[in-house]
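# A look at the structure
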Amino acid sequence: PEAWQAASRAVLACEAHRVYLSRSYDAVFWCSPTARRLIEGQVSNALSHWKGKRLAPGDAAGAGGVGVSGSAFRGFEDLATNVGAVLHGAEPPGWHRLEWTPHGEGSVPYMTY
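Here we come to the environment of Tyr-25. Looking at the element boundaries, Tyr-25 is found in strand E1 (residues 24–30). For Tyr-25, a relative accessible area of 7% puts it in the buried group. Taking the C-alpha atoms as reference, Tyr-25 lies 5.3 Å from Gly-70; in sequence the two are 45 residues apart. Leave out the neighbours within four places in its chain, and Tyr-25 touches Ala-46, Val-68, Ser-69, Gly-70, Ser-71, Ala-72, Phe-73, Gly-75, Phe-76 and Leu-79.

Glancing now at the nonpolar core. Grouped together as the largest cluster of nonpolar side chains are 18 residues, with contacts concentrated most on Trp-4, Tyr-25, Phe-29, Val-68 and Leu-79. Counting residues per element, the ones that place at least two in this core are E1, helix H2 (33–50), strand E3 (65–72) and helix H3 (76–87). Looking at this core element by element, the count peaks at 5 residues for H2.

With 12 residues, H3 should cover 16 Å at 1.5 Å per step; its first-to-last C-alpha distance of 16 Å lies within 8% of that length. With 9 of 12 residues buried, H3 is to be regarded as a mostly interior element. Those residues of H3 not exposed but buried are Phe-76, Asp-78, Leu-79, Ala-80, Asn-82, Val-83, Gly-84, Ala-85 and Val-86. Contact partners of the buried residues in H3: helix H1 (2–16), E1, H2 and E3.

This brings us to the pairing of E1. Burial of the side chains of E1 is restricted to one face: Tyr-25, Ala-27 and Phe-29 are buried, whereas none of Ser-24, Asp-26, Val-28 and Trp-30 on the reverse face is. Across 6 bridges, the pairing between E1 and E3 is antiparallel. Its bridge partner being in E3, Tyr-25 is matched across the sheet by Ser-71.

Our focus in this paragraph is H1. The end-to-end C-alpha distance of H1 is 21 Å, a good match for the 21 Å that 15 residues give at a rise of 1.5 Å each. Looking one or two places after H1, you find Arg-18, whose phi comes out positive at around 60°.

Reading the values: rules and limits
- Residues numbered from 1 in each chain as written.
- Predicted model: local features only at pLDDT ≥ 70, side-chain atom pairs only at ≥ 80, totals over all residues.
- Heavy atoms only, no water.
- Helix = DSSP H or I, 4+ residues; strand = E, 2+ residues; numbered from the N terminus.
- Buried < 20%, exposed > 50% of the residue type's maximum accessible area, 1.4 Å probe, protein only.
- Contact = heavy atoms within 4.5 Å.
- Core = buried A, V, L, I, M, F, W, Y, C linked by side-chain atoms within 4.5 Å.
- Expected span 1.5 Å × (residues − 1).
- Pairing = 2+ DSSP bridges.

Spelled out as structure tokens, the structure:
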């Protein structure tokens, strides 16, 4: 968990200073079967929210790795936070997308979480 936290903090610190390392990212994890199951859930969420593709067993992930490739960078903070939470045994806070609020009479705001 500490290695993931350090790496994600470094990437997010660059972004905070308007230094963008990339428009997309790849994230690969080699971990225990228990952690793998938790991270696979976050990989699925990342793919549904920020696109990209799941790394296949023969990809750069190699044997036993799990991850995403080509995901939009604007979703990295969510991935970093949620993976960090599950690696520490905590409940992930969720995935935040842009809020869309329709206008007009009878409109109902929707959150796309």
